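# Commentary on secondary and tertiary structure
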Protein chains: 2
Amino acid sequence: MSSPDARTALQLRSLVKKSGELEVSLASVPIPEPGANEVLVRIEAAPVNPSDLGLLFSAADMTKAVASGTAERPVVTAPIGEGAMKSLAPRLDVSMPVGNEGAGVVVAAGSSPAAQALLGKTVAMIGGAAYSQYRALPADQCLLLPDGATPADGASCFVNPLTALGMVETMRREGHSALVHTAAASNLGQMLNRICIADGVKLVNIVRKPEQAALLRSIGASWVCDTSAPTFLPDLTEALAATGATIAFDAIGGGRLAGQILSCMEAAINRSAKEYSRYGSATHKQVYLYGGLDTTPTEFVRSFGMAWGMGGWLLFPFLQKAGKDKVSELKARVASELKTTFASHYSQRLSMAEALRLDNIAVYNKRATGEKVLLEPHRG
Amino acid sequence: MSSPDARTALQLRSLVKKSGELEVSLASVPIPEPGANEVLVRIEAAPVNPSDLGLLFSAADMTKAVASGTAERPVVTAPIGEGAMKSLAPRLDVSMPVGNEGAGVVVAAGSSPAAQALLGKTVAMIGGAAYSQYRALPADQCLLLPDGATPADGASCFVNPLTALGMVETMRREGHSALVHTAAASNLGQMLNRICIADGVKLVNIVRKPEQAALLRSIGASWVCDTSAPTFLPDLTEALAATGATIAFDAIGGGRLAGQILSCMEAAINRSAKEYSRYGSATHKQVYLYGGLDTTPTEFVRSFGMAWGMGGWLLFPFLQKAGKDKVSELKARVASELKTTFASHYSQRLSMAEALRLDNIAVYNKRATGEKVLLEPHRG
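A quick note: this is a predicted structure, and the numbers were derived from the prediction, not measured.

### Focus on the overall build of chain A
- In terms of helices and strands, chain A carries 13 helices and 20 strands.
- The C-alpha atoms of chain A give 22 Å as radius of gyration, which agrees with the globular expectation for 380 residues (21 Å, within 12%).
- A burial count over chain A gives 56% of its 380 residues as buried.
- The contacts in chain A between residues at least 6 apart in sequence include a share of 72% that link residues at least 24 apart.
- A total of about 15,400 Å² of accessible surface is found on chain A, and carbon and sulfur atoms cover 54% of it.
- Of the side chains in chain A, 36 bear a positive and 34 a negative charge, and the two mean positions are spaced by 3 Å.

Quick look at the structure:
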């Protein structure tokens, strides 16, 4: 192993103290020994996904964050409101590693053939603690990257690709034939757009700005609706009528958007209604909230009949429901289309220490479209 | 037949005019001839359920209702707001019969054995147009009432009983073991309470007033939470922890209650959590909105993790999903427990003409607990 101290390495940690303070820092941890069926990955690249930020900064008010420590071992602290502390009870005073996914090189392997087969290979991994210099984990939580793919190419190959594929799978499994996506200009949204074009699935993209609409159109999106346009609701109804989309995946969460999508679906369906039903159309309309970019309450006017559902959607429960064979099929597709359909773009590459600089946090914690950080745990 | 004019009879009608006016009146309609598999029911009693009021008065502002016509043939008109007219397009200028269910005596029958078997019998019926003096309908939409049961006993024997049974069935089918009900002191709520006691199912009753809580306790309810109590949220969490209820049926619809139920479910589940999960508990929590007593927007703070769902719930789609055998089983139970578990109580018995008096409308259109009207279409 190439670490100067072969016995310990750096790992990013997030700690919520009983006192109501968040502390994010770099810890020195022993480099683990891989078990029989495990591999040890030297992690070279790990993305900061919105799903990581929740664990990383918890409910802290990062506008009040304070930096201390040294440039190599920075410490960031920030206050957490009293209201939020209640739901954090199970993580109080537990220093937690962070990072859903990453990629790197297998530098040691357990005795099992599956583990040995990966030795020396570049792999992507999922399973937490990716913001670490080294990570031991079961061989089957790794995805062997195709020849020529770098760790940076494969760093985001689980969460976004499988989420995007999972949305299309969920659409099919639940009997819908077209779908809606919000925050559609995101890395994930662009991936989903490419998948839908490749698979011939009609996709209604909802964005918040004209330049995001232009971006999606430039990569071939047929239906794009901009919430900032005064004609947003009629535009959306038109797109829903044209596509027949009756399921939506919403990254926004708060505000009225989810309910507006259901209302516009109902209006689109009722365009062809022949009979009045006081209960609205019999067509089931579904919105899954998979993110919470808007943290304000969700509000909806019930103007979409009785055949509707709203709910949370998460990747891991979906993968469990889909089953091993389906997951293998999806992973194989990700590997084979890594540099095309599933390519990710990063606005910054940072070391773990750089990622804890307040100016950098202020940028990537906005979760703004186009601002995505790639951590490089071994960057000098 | 005993009608003075054997050829026509009265039927209550609701009409929404393109001009934006609701008109409710009594029409003279031909008494139908039953088809081969049909029976002709002389309807003696029909309840006014919340689900009937939506069709009867539509979105009209009944505080601005105006009465005209005669005492025998009253006409009620009321204005409908412009915003609401859009969703009413399919019923514009169509005079619609009203009344989901009722009961009466079979006075004529088609040639089929099933129809003939009901001749002279007292039956309950479902299928609309129950606010009529006579109604022809397929024999299998009737339920033969047990000996000694009057039409008033059986008038409410479909909607509320099958809805209450449907909630318990839905709970079981979706893998939950206890349930929550709001507006729990209603006729439906009291029925559900009796069913749950009989079946050993734990039920959390949510009511809006101390006297409703007392009523439910007096009929054996073990868990009753009153939204008007300052301790409502901790009380609810306590009841949810004690019962393990993870599914709720909400008749209120608007405001924050549905979201509060999900939040309290999550808090109850997390009492026994051993590990922190940033996505909340993995236990699926579900609230079905089956009514809209509060017509304001639904609002919720997403403080219950990601394993949750909200959605509409309606009796008829449930019955379709449950299948013929299950529905027969449920109907048989209703018939055999008609005067016990499934007994309904009415605050007023009105003729159809009396039901169109503005003072009566003002009372029953409030949908207040304890205010339930039984229409008697042949009442003089």
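### Thoughts on the relation of the copies chain A and chain B
- For the pair chain A and chain B, the superposition axis carries a translation of 0.1 Å, the fit reaches an RMSD of 0.1 Å, and the rotation angle comes to 180°. Such a combination of turn and shift is consistent with a two-fold rotation axis. In terms of C-alpha distance to the rotation axis, chain A has Glu299(A) as its closest residue, with the C-alpha 2.1 Å off the axis.
- The fraction of interface residues of chain A whose copies in chain B are also interface residues reaches 100%, indicating that both copies meet through the same surface.

### Quick notes on the interface of chain A and chain B
- Across the contact, 37 residues belong to chain A and 37 residues belong to chain B.
- Together chain A and chain B conceal approximately 3,000 Å² of surface at their shared face, both sides included; 63% is due to carbon and sulfur atoms.
- Taken together, the links from chain A to chain B amount to 0 salt bridges.
- At the junction of chain A and chain B, the tally comes to 13 residue pairs in polar contact (both at pLDDT 80 or more).
- Per-element tally for the side of chain A that touches chain B: the top contributor is strand 17 (residues 294-300) of chain A, with 7 residues.

### Things to note about the pairing of strand 16 (residues 285-289) of chain A
Residue and element names in this part refer to chain A.
- The element strand 16 is largely enclosed, with a buried count of 5 among its 5 residues.
- Because side chains alternate across strand 16, one face comprises the buried residues Lys285, Val287 and Leu289, and the other comprises Gln286 and Tyr288, equally buried.
- Two elements, strand 14 (residues 247-250) and strand 16, share 4 bridges in a ladder whose sense is parallel. Across the sheet, isoleucine 247 pairs through a bridge with glutamine 286, a residue of strand 16.
- The pairing of strand 16 with strand 18 (residues 308-312) spans 5 bridges and is classified as parallel. Residue tyrosine 288 lies in a different strand from strand 18, and its bridge partner there is glycine 311.

### A short note on the sheet that holds strand 1 (residues 8-16) of chain A
Residue and element names in this part refer to chain A.
- Strand order in the open sheet formed by 5 strands is 4-5-2-1-6, and the pairing between neighbours is antiparallel. Looking at strand neighbours, the two that pair on one side only are strand 4 (66-69) and strand 6 (96-97), the edges of this open sheet.
- Of the pairings in the sheet, the one linking strand 1 to strand 2 (residues 21-30) comprises 9 bridges and is antiparallel in character. Paired with valine 16 across the bridge in strand 2 is leucine 22.
- Relative to strand 2, helix 1 (residues 50-57) is tilted by about 100°, and along the sheet it contacts strand 1, strand 2 and strand 6.

### Quick word on the sheet that holds strand 14 of chain A
- Taken in spatial order, the 12 strands of this open sheet run 13(A)-12(A)-11(A)-14(A)-16(A)-18(A)-18(B)-16(B)-14(B)-11(B)-12(B)-13(B), and their pairing is mixed. Every interior strand has two partners, whereas the edge strands, strand 13 (223-226) of chain A together with strand 13 (223-226) of chain B, have only one. Direction aside, neighbouring strands of the sheet carry axes that sit 15° apart on average.
- Each of strand 11 (178-182), strand 12 (202-207), strand 14, strand 16 and strand 18 of chain A is contacted by helix 9 (residues 257-270) of chain A, which is oriented at about 160° to strand 16 of chain A, the strand it contacts most.
- Against the sheet, helix 6 (residues 187-199) of chain B engages strand 11 (178-182) and strand 12 (202-207) of chain B, with an angle of about 165° to strand 11 of chain B.

### Quick look at the nonpolar core
- The biggest cluster of nonpolar side chains holds 140 residues, and the ones touching the most others in it are Leu179(A), Met310(A), Leu179(B) and Met310(B).
- Not counting residues up to four positions away in its chain, the partners in contact with Leu179(B) are Met167(B), Met171(B), Leu192(B), Cys196(B), Val201(B), Lys202(B), Leu203(B), Val204(B), Ala245(B), Ile247(B) and Phe249(B).

### Things to note about the environment of Gln260(A)
Residues and elements named next belong to chain A.
- By secondary structure assignment, the location of glutamine 260 is in helix 9.
- By relative accessible area, which is 26% here, glutamine 260 ends up partly exposed.
- As a C-alpha pair, glutamine 260 and glutamate 299 span 39 residues in sequence and 9.6 Å in three-dimensional space.
- Apart from the residues within four sequence positions on either side, glutamine 260 is in contact with Phe232, Leu233 and Leu236.

### Overview of the confidence of the model for chain A
- In the predicted model, chain A carries a mean pLDDT of 93, and 98% of its residues have values of at least 70.
- Complex prediction metrics read pTM 0.88 and ipTM 0.87.

### Quick notes on the environment of Ala71(A)
All names here are of chain A.
- Structurally, alanine 71 can be placed in the loop between strand 4 and strand 5 (74-79).
- Residue alanine 71 is classed as exposed on the basis of its relative accessible area, which comes to 62%.
- Between the alpha carbons of alanine 71 and alanine 183 there is a distance of 35 Å; along the sequence they are 112 residues apart.

### Comments concerning the state of the cysteines
All names here are of chain B.
- Under the definition given, this model contains 0 disulfides over all chains.
- The structure places no disulfide on cysteine 142, whose sulfur is separated from the nearest cysteine sulfur, that of cysteine 157, by 10 Å.
- Residue classification places cysteine 142 among the buried residues on the basis of a relative accessible area of 10%.

### Observations regarding the pattern of salt bridges
All names here are of chain B.
- Within this structure, the stated rule accounts for 38 salt bridges over all chains.
- In this structure, the salt-bridge partner of arginine 42 is glutamate 44, at a minimum N-O distance of 2.5 Å.
- Residue arginine 172 is joined to aspartate 199 by a salt bridge in which the shortest nitrogen-to-oxygen separation is 3.5 Å. One end of the pair, arginine 172, is in helix 5 (residues 159-173); the other, aspartate 199, is in helix 6, and 27 residues separate them in sequence.

Each value, and the rule that gives it
Per chain, residue numbering runs from 1 following the sequence as it is written. The order in which chains are written sets their letters, starting at A; the order in which ligands are written sets their numbers, starting at 1. Given that this is a predicted model, residues contribute local features only at a pLDDT of at least 70 and side-chain atom pairs are listed and counted only at 80 or more, while totals for whole chains, interfaces and linings are drawn from all residues. Neither water nor hydrogens contribute to the side-chain values; these are computed over all heavy atoms in the structure. Helix and strand definitions here come from DSSP, where helices need a minimum of 4 consecutive H or I residues and strands a minimum of 2 consecutive E residues; each element is numbered from the N-terminal end. Radius of gyration here uses only the C-alpha atoms, and the compact-globule reference equals 2.2 Å multiplied by the residue count raised to the power 0.38. Using a 1.4 Å probe on the protein chains alone, a residue whose accessible area is under 20% of its type maximum counts as buried, one over 50% counts as exposed, and one in between counts as partly exposed. Should any heavy atoms of two residues lie within 4.5 Å, those residues are considered in contact. We get accessible surface area from the Shrake-Rupley algorithm with a probe of 1.4 Å; when it comes to residues, only the shown protein chains can shield them. Positive charges come from Lys and Arg, negative ones from Asp and Glu, while His and the chain ends are left out of the count. One atom stands in for each charge, and that atom is NZ of Lys, CZ of Arg, CG of Asp or CD of Glu. The superposition of copies rests on a least-squares fit of C-alpha positions from residues with pLDDT of 70 or more in both. The quantity reported as buried area is the accessible area (1.4 Å probe) lost by two parts once they are put together, taken as the sum for both. The term salt bridge refers to a pairing of a side-chain nitrogen on Lys or Arg with a carboxyl oxygen on Asp or Glu at a separation within 4 Å. Residues adjacent in sequence count toward polar contacts only when both atoms are side-chain atoms; beyond that, a polar contact is any pair of N or O atoms within 3.5 Å, and within protein one must be able to donate a hydrogen and the other to accept it. At least two DSSP bridges between two strands are required for those strands to pair. Axis geometry follows a simple rule: fit a line to the C-alpha atoms, using only the stretch in contact for helices, then measure angles between N-to-C directions, giving values from 0 to 180 degrees. Among buried residues, the Ala, Val, Leu, Ile, Met, Phe, Trp, Tyr and Cys ones that are joined through side-chain atoms within 4.5 Å form a nonpolar core. The quantity called pLDDT is the predictor's confidence in a given residue, expressed from 0 to 100. Disulfides are defined as cysteine sulfur pairs within 2.5 Å.

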